[in-house]
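Here is what each chain is made of, one letter per residue.
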Amino acid sequence: MSKLDRCYNIADLRAAAQRRLPRGVFEFVDRGSEDEVALRNNRAAFERIKLKHRALVDVSGRSMATTLFGKPVSMPMAIAPTGAAGLCWHEGELELAKAAAQAKIPFTLATGAMTSMEKIAEQAGPAVGGRLWFQLYVWKQRELSYQLIERAKAAGFEALIVTTDTIVPPNREYNDRNGFLLPFYPTMRFTLDVMRHPTWVANVLLKYLTTIGMPRNENFPEPYRHRVTSNDPARAQVMRQDSLSWDDIRTFRKMWPGILMLKGVNRPDDAVKALDYGVDGLIVSNHGGRNMDSAVATIDALPDIAEAVNDRATVILDSGVRRGSDIAKALALGAKAVLTGRVTLFGTAVAGQAGAAKAISIIRNELDKTMAYTGCRAVDEITPDIFFGASEGNRLRDRVAMVA
Amino acid sequence: MSALDRCFNIADLRAAAQRRLPRGVFEFVDRGTEDEMGLRNNRTAFERIKLMHRALVDVSDRSTATMLFGKPATLPMVIAPTGAAGLCWHEGELELAKAAAQAKIPLALSTASMTAMEKIVAAGGPAVGGRLWFQLYVWKQRELSHKLIERVKNNGFEALIVTVDSPVGPNREYNQRNGFGLPFSPTPRFAMDILRHPAWARSVLLKYFTSIGFPRHENYPPEYQKSILSGVGSRDALRADSLDWDDIARFRDMWPGILMLKGVNRADDATKAIQYGLDGLVVSNHGGRNMDSAPATIDLLPEVVEAVGDRATVILDSGVRRGSDIAKALALGAKAVLTGRATLYGTAVGGTAGALKAIGLIRNELDKTMAYTGCRTVDEISTDIFFGSRHTNRWREAAD
């Protein structure tokens, strides 16, 4: 019985990942920012929503399959962009991307990934049934970002996701405390941490060191593609993101003929504006509770956005998804899909591709059962009708009902 | 002083059951599903409802007796169908049935029980004052279910309860973890678990071995009965996710007695059930054991009662651990409650005596709640006993 066989839910995968990873890496993946109010609230908001059993619907032919941007997916979920997959497993992004292709859901590669987009496209792209999206952090030197966009286009990525909620780096105090930083700096504390996790050193770090050396941000522009250990102040200056504005989105729209999404649109007025700029998809996200600690839970922000967008773009929910039932709740409130970041990272940290596949299948199984219990045979049948009325979760339903 | 004498409430019986049962069996009985939100919520929803003392009503001749489907019961309570009674005690269903008959409350026998219905009828049926109901899981091969219904009818059960909240098996991760499943496979982990509970192995498992071998689902069709060890291959035949209203129409034609649905949690489903000629509806989330996001049944009850009116008997299931819970359910329109775990804990500790103890505890608690709130009969229990300005009072406001 492998470690993976003893994981029956995402919490189990998380615990197994915690044992395996150096504390600095684990906390970087797992935790939020400041007092972690947003992190907890993302979960509490999902848990407040109660669903009603539907009796006597023949659900034997039910299916989670749907389409996203006109193409089929096996379930309404995509892998979120995450920067540390390559520290969870040797070339973790590749493992994740392969798992996604196999599970027939899209995979999003992060700007900060440690595997090059060309390698991902070659091994987990359309040739093997994969759908690849690229997440963009926009740098102060715009031409560097433009080069990156051209590179993503050339590599055949079908969608570009511009992250708009992280213009300044968050206060991740625990990472200051445990000595782990990205780009990381070999602090004494983190060095000790690494030494206490010899399996990780052997399976992850050594594999990099014996091939490419210290893992690098492989998608950064050549002059800045330093090792992740580098902490060059000049690079930090070039990569500042706090000047990003709507004008940039206009430029990106012109440059990028494929699917264009914004990640971190949490206000209806921003959503409406995004439509004016020709954006195809909007991701309601508080970055997994990892940047602004006072951010509203995304499941609470979602109804307003869905209402404002009103089918003129695809709305996707990110942040806090840990159970299949969370997907049902998001879909009922107007999302077409969710992104999962930590869920699949925990899996990757435990067993690479097999672990990511396990995480996906756990969530898939949970969504399947939730659909059966609520009497939904297809994802299109998931509506606020499945919500319980007089509970707090109904606040959302009332709002949706008022809109309808 | 026996183990039972030291149990002064259901929580004590639970703790005693936990000591006695292998962990796999105990958790199967005790726990919920996934994050156990549904399980906890069932309790907190009851606990949120506050009752007001009524002063100076002579309650010296109060009674918990009531009528259910036109026949008397000493208490507005029924033993819920549970699959694992036979693992809590040797032929646990039989012990439970005897206790129910003695206490003069109905017992619902589960499709999955390990004692044959014929045996239950002989020892806990009308001959000894028992009222027997039968719970039905509907299988993919409908003719098997139809045969089972005929068997139930021939055995004189007064009611048939069709479970409609379990089209798929739940995610009971703890049972995967502790190695216990039904049908169960002898995992090393569960085997160790059993070895650590020699009293249980001797008084439950060995008694089966020396008589019938491994406990079996005695009410399953013969070709799927075998033992609870088997199940591979029968899974698909027993799949229930195609159950729909057409089946209910069919059952209504086949079953002249009292027909109930268990797991009706929506007003629209309740209204539809009335159209299909159902006599009773059980509001249930399966004890928080299947969909973890399910609302508490005491929160769902008012809208179901509102939809049904007096056209059918509404019963509440899931989360009842105290007599006061029954008063709260009755005030909100239920005619009775089902108790599953409360009496299973008792059964696990002392067979019939333990089940009787559990019933006695709850009866005593309901009696005191009625006295404090000034109710002399169960019919006098209304939302008038509720403390006013809370959201639990929704139903009362609607009634006004």
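What you see as residue numbers is a count from 1 along each chain, following the sequence as written. The naming scheme follows written order: chains are lettered A onward, ligands numbered 1 onward. At least 70 in pLDDT is required for a residue's local features to be given in this predicted model, at least 80 for side-chain atom pairs to be given and counted, and no such filter applies to totals for whole chains, interfaces and linings, which use all residues. Based on all heavy atoms of the structure, the side-chain values leave hydrogens and waters out of the count.

1. Points about the overall build of chain B
Counting its regular elements, chain B contains 18 helices and 10 strands. The atom set for the radius of gyration is the C-alpha atoms, and the globule formula is 2.2 Å times the number of residues raised to the power 0.38. Against the globule reference of 21 Å for 400 residues, chain B gives a C-alpha radius of gyration of 20 Å, in line with a compact fold. Dimensions of chain B, computed from C-alpha atoms along their principal axes, come out at roughly 60 × 55 × 45 Å. Sequence separation of 24 or more characterises 75% of the internal contacts of chain B that already satisfy a separation of 6 or more. About 15,000 Å² of surface is accessible on chain B, with carbon and sulfur atoms providing 53% of the total. Positive residues here are Lys and Arg, negative ones are Asp and Glu, while His and the chain termini are left out of the count. By convention, the point assigned to a charge is CZ for Arg, NZ for Lys, CD for Glu and CG for Asp. Counting 51 positive and 45 negative side-chain charges, chain B places the centres of these two groups 6 Å from one another. Under the DSSP-based scheme used, a helix requires at least four consecutive residues in state H or I and a strand at least two consecutive residues in state E, with every element numbered from the N terminus. By the convention used here, residues are in contact when the closest approach between their heavy atoms is within 4.5 Å. Computed with a 1.4 Å probe, the accessible areas rest on the Shrake-Rupley method; for each residue, only the protein chains presented here act as cover.

2. Comments concerning the confidence of the model for chain A
Residue and element names in this part refer to chain A. pLDDT expresses how confident the predictor is about each individual residue, on a scale running from 0 to 100. Confidence in the prediction of chain A, expressed as mean pLDDT, is 91, and 92% of residues score 70 or more. A low-confidence stretch, residues 390–397 (pLDDT under 50), is modelled with 18 contacts involving residues beyond four sequence positions or located in other chains. Per-residue pLDDT stays below 50 along residues 399–404; that stretch engages in six contacts with residues further than four places along the chain or on separate chains.

3. Some points on the state of the cysteines
A pair of cysteine sulfur atoms is labelled a disulfide when the two atoms are within 2.5 Å. Under the defined criterion, the tally for this structure stands at zero disulfides over all chains. Free of any disulfide, Cys7 of chain A has its nearest cysteine sulfur in Cys88 of chain A, 14 Å distant. The classification of residues rests on relative accessible area computed with a 1.4 Å probe and restricted to protein chains. Under 20% of the type maximum is buried, over 50% is exposed, and intermediate values are partly exposed. On the basis of relative accessible area, Cys7 of chain A is assigned to the buried category, the value being 3%. The thiol of Cys88 of chain B is unpaired, and the distance to the nearest cysteine sulfur, on Cys7 of chain B, comes to 14 Å.

4. Side note on the side chain of Arg54 of chain A
Position of Arg54 of chain A relative to the elements: it lies in the loop between helix 3 (37–48) and strand 1 (66–68). You can call Arg54 of chain A buried: its relative accessible area is 17%. N or O atoms closer than or at 3.5 Å make up a polar contact, with two conditions inside protein: a donor-capable atom paired with an acceptor-capable one, and, for residues adjacent in sequence, both atoms drawn from side chains. A polar side-chain atom of Arg54 of chain A sits 2.7 Å from a polar atom in the side chain of Asp269 of chain B. Residues within four places of Arg54 of chain A in sequence aside, it is in contact with Tyr373, Thr374, Gly375 and Asp385 of chain A together with Val164, Arg266, Asp268 and Asp269 of chain B.

5. What about the interface of chain A and chain B?
Taken residue by residue, the interface counts 32 residues in chain A and 40 residues in chain B. Computed with a 1.4 Å rolling probe, the buried area is the accessible surface lost when two parts are put together, summed over both parts. Across the chain A to chain B interface the summed buried area is about 3,200 Å²; carbon plus sulfur atoms make up 52%. Salt bridges are defined as contacts in which a side-chain nitrogen from Lys or Arg sits within 4 Å of a carboxyl oxygen from Asp or Glu. Our count for the chain A to chain B interface comes out at eight salt bridges. Ionic pairing is found between Asp268 of chain B and Arg54 of chain A, a salt bridge with its closest N-O pair at 3.0 Å. In this assembly, chain A and chain B are joined by 19 residue pairs in polar contact (both at pLDDT 80 or more). Mapped by element, the contributors of at least two residues to the side of chain A that touches chain B are helix 15 (324–332) and helix 16 (342–374) of chain A. Among the elements that make up the side of chain A that touches chain B, the one with the highest residue count is helix 16 of chain A (seven residues). Basically, the charged four are Asp, Glu, Lys and Arg, the nonpolar ten are Ala, Val, Leu, Ile, Met, Phe, Trp, Tyr, Cys and Pro, and anything else, Gly included, counts as polar. Looking at the side of chain A that touches chain B residue by residue, the class counts come to 12 nonpolar, seven polar and 13 charged.

6. Observations concerning the packing of helix 3 (residues 37–48) of chain B against helix 15 (residues 297–308) of chain B
Residues and elements named next belong to chain B. Following both chains from N to C, one finds helix 3 and helix 15 inclined at 70°, their axes separated by 8 Å at the closest point. In this view, helix 3 runs roughly perpendicular relative to helix 15, as classed from their interaxial angle. Contact with helix 3, carried on its side by Asn42, Ala45, Phe46 and Arg48, involves Thr297, Ile298 and Asp299 of helix 15 and no other residues of that element. Considered class by class, the residues forming the contact of helix 3 with helix 15 number three nonpolar, two polar and two charged. Lines are fitted to the C-alpha atoms to define the axes, a helix being fitted only along its stretch in contact, and any angle between axes, read from their N-to-C directions, falls within 0 to 180 degrees. Here is the rule for angles: anything less than 35 degrees is roughly parallel, anything more than 145 is roughly antiparallel, 65 through 115 is roughly perpendicular, and the remaining ranges are oblique.

7. Notes on the side chain of Lys329 of chain A
Structurally, Lys329 of chain A can be placed in helix 15. An unpaired buried charge is present at Lys329 of chain A: no salt bridge exists, and Asp326 of chain A, the closest side chain of opposite charge, is 4.7 Å distant. Setting aside residues no more than four positions away along its own chain, Lys329 of chain A makes contact with Phe46, Glu47, Ile49, Leu51, Ile299 and Phe387 of chain A together with Ser293 of chain B.

8. Topic: a nonpolar patch on the surface
Patches here are clusters of residues that have more than 30% relative accessible area and form no salt bridge, with a 9 Å joining cutoff for like charges and a 5 Å cutoff for nonpolar side chains (Val, Leu, Ile, Met, Phe, Trp, Tyr). A cluster of nonpolar side chains, contributed by Met188, Leu192 and Met195 of chain A, occupies part of the molecular surface with about 360 Å² of accessible area. Locating Leu192 of chain A in the fold gives a position in helix 9 (residues 188–195).

9. A short note on the pattern of salt bridges
All names here are of chain B. Under the definition given, this model contains 50 salt bridges over all chains. With a shortest N-O distance of 3.3 Å, Arg23 and Glu27 are connected by a salt bridge. Separated by four residues within a single helix, Arg23 and Glu27 lie in helix 2 (residues 23–30), roughly one turn from each other. Taking relative accessible area as the criterion, Glu27 reaches 10% and is therefore assigned buried. Across the pair Asp247 and Arg142 runs a salt bridge whose closest N-O atoms are separated by 2.6 Å. In this pair, Asp247 is assigned in helix 13 (residues 245–254) and Arg142 in helix 7 (residues 142–154), connecting sequence segments 105 residues apart. For the residue pair Asp247 and Arg142, the accessibility class agrees, reading buried in each case.

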